Amino acid sequence: MDQFPMLRNHKGKVAICSGLTGFFLGLTMCTKGGIFMFELIDWYAAAWSLLICGITEVIITVYVYGHRNIFVNIQEMEINLPKAMKYYFLTTWKVLTPLSLIFILLLKFVDYIPAYSTNTQEKYVFPDAVQCLGWAMSLVPVVFLIVGAPLEYYKRKSEGKSTDMLSLLSPSDEWGPSFVKNGVKKPAGQPELVELL
């Protein structure tokens, strides 16, 4: 509802619709073949696509938005980090996390075997059409990344906003702490955000 403020007055309807959607989607797992559907979702839903989204998120947050801006945001929350913690976060954000995620993603591709079920007397390998359904489930988060970027570009272009790389990678005008949005004075001694790129 943060993304769509017009739905805030309809919280009950949104909750009921979300619950009913989940209920009807879950009905497929209550049939005789439900365990196979569950295993297919378990096999593909949290697979490599989430690793790609995680790698993208880490790279954009740390290398595009910048670790300095993140530390400024932490200071705005009145959290003072010791230098040792800052170095720890820098090491994990810039090196350990991206490398670990990339390593795990590569291992997922190297060790890939088609989805199968062990709930039968013999190991049951799902047919090719079901494997394609699993891959389609895995592709959904990646498709949002691939389709979202050009859509944002054309949206900004149609609104007459700048479409250069710096503008596309910068936070929007609405981005910022709530005390700025609500007209409350900024506390003294708060640092400003560092210019991106």
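Remember, predicted model here, so these are calculated numbers, not experimental data. (Residues numbered from 1 in each chain as written. Predicted model: local features only at pLDDT ≥ 70, side-chain atom pairs only at ≥ 80, totals over all residues. Heavy atoms only, no water.)

Peer 1: How should helix H2 (residues 34–44) be read in this particular structure?
Peer 2: Spacing of three or four residues puts side chains on the same side of an α-helix, whose turn is 3.6 residues. Every buried residue of H2 is listed here: Gly 34, Glu 39, Leu 40 and Tyr 44. Residues of H2 that are buried sit in contact with strand S1 (116–117) and helix H5 (128–158). (Buried < 20%, exposed > 50% of the residue type's maximum accessible area, 1.4 Å probe, protein only. Helix = DSSP H or I, 4+ residues; strand = E, 2+ residues; numbered from the N terminus. Contact = heavy atoms within 4.5 Å.)

Peer 1: Even after reading the chapter, I still don't get the environment of Leu 166, so can you show me in this structure?
Peer 2: Tracing the sequence through the fold places Leu 166 in helix H6 (residues 165–169). For Leu 166, a relative accessible area of 35% puts it in the partly exposed group. C-alpha separation for the pair Leu 166 and Val 64, spaced 102 residues apart in sequence, amounts to 9.5 Å.

Peer 1: Is there a simple way to think about the pattern of salt bridges in this case?
Peer 2: Any two side chains of opposite charge can pair, on the condition that their charged atoms come close. Taken as a whole, this structure holds 1 salt bridge when the rule is applied. In this structure, the salt-bridge partner of Glu 159 is Lys 161, at a minimum N-O distance of 3.3 Å. A relative accessible area of 45% means that Lys 161 is categorised as partly exposed. (Salt bridge = Lys/Arg side-chain N within 4 Å of Asp/Glu carboxyl O.)

Peer 1: Help me out: how do you make sense of the nonpolar core in this one?
Peer 2: In globular proteins that are soluble, nonpolar side chains generally tend to be buried together. Among the nonpolar cores identified, the biggest contains 8 residues, and these are Ala 47, Trp 48, Leu 51, Ile 55, Val 58, Leu 101, Leu 105 and Val 142. If one sorts the elements of this core by residue count, helix H3 (residues 48–76) sits on top with 4 residues. Each residue touching Leu 101, except ones within four places of it in the same chain, is listed here: Leu 51, Gly 54, Ile 55 and Val 58. (Core = buried A, V, L, I, M, F, W, Y, C linked by side-chain atoms within 4.5 Å.)

Peer 1: Is there a simple way to explain the packing of aromatic side chains in this structure?
Peer 2: Centre distance and the angle of the planes are the two values used to describe a pair of aromatic rings. Taken as a whole and judged by the stated rule, the model has 13 aromatic pairs. The rings of Tyr 44, Trp 48, Phe 109, Tyr 112 and Trp 135 are connected pair by pair, giving a single aromatic cluster. Positioned above the aromatic ring of Phe 71, the side-chain terminus of Lys 86 is 5.7 Å from the ring centre. (Phe/Tyr/Trp six-rings, centres within 6.5 Å; stacked < 30°, edge-to-face > 60°. Lys NZ or Arg CZ within 6 Å of the ring centre and 35° of its normal.)

Peer 1: What is the right way to look at a nonpolar patch on the surface in this model?
Peer 2: Taken together, Leu 139, Val 143, Leu 145, Ile 146, Val 147 and Leu 151 make up a surface patch of nonpolar side chains, about 510 Å² in accessible area. Mapped onto the secondary structure, Leu 139 falls in helix H5. The class for Leu 139 is partly exposed, based on a relative accessible area of 38%. (Patch = residues over 30% accessible without salt bridge, like charges linked within 9 Å, V, L, I, M, F, W, Y side chains within 5 Å. Areas by Shrake-Rupley, 256 points an atom, 1.4 Å probe, with all protein chains shown as cover.)

Peer 1: Could you clarify how one ought to interpret the side chain of Thr 92 in this entry?
Peer 2: One can find Thr 92 in helix H4 (residues 83–110). Here Thr 92 falls in the buried class, since its relative accessible area comes to 13%.

Peer 1: Got a minute to help me understand H5 in this structure?
Peer 2: Between the first and last C-alpha of H5 there are 42 Å, a value that for 31 residues agrees with the 45 Å anticipated at 1.5 Å per step. For H5, the complete set of buried residues consists of Gln 131, Gly 134, Ser 138, Val 142 and Arg 156. Here the buried face of H5 lies against H2, H3, strand S2 (124–125) and H6. Where H5 terminates, the next one or two residues include Gly 160, which has phi positive at roughly 80°. (Expected span 1.5 Å × (residues − 1).)

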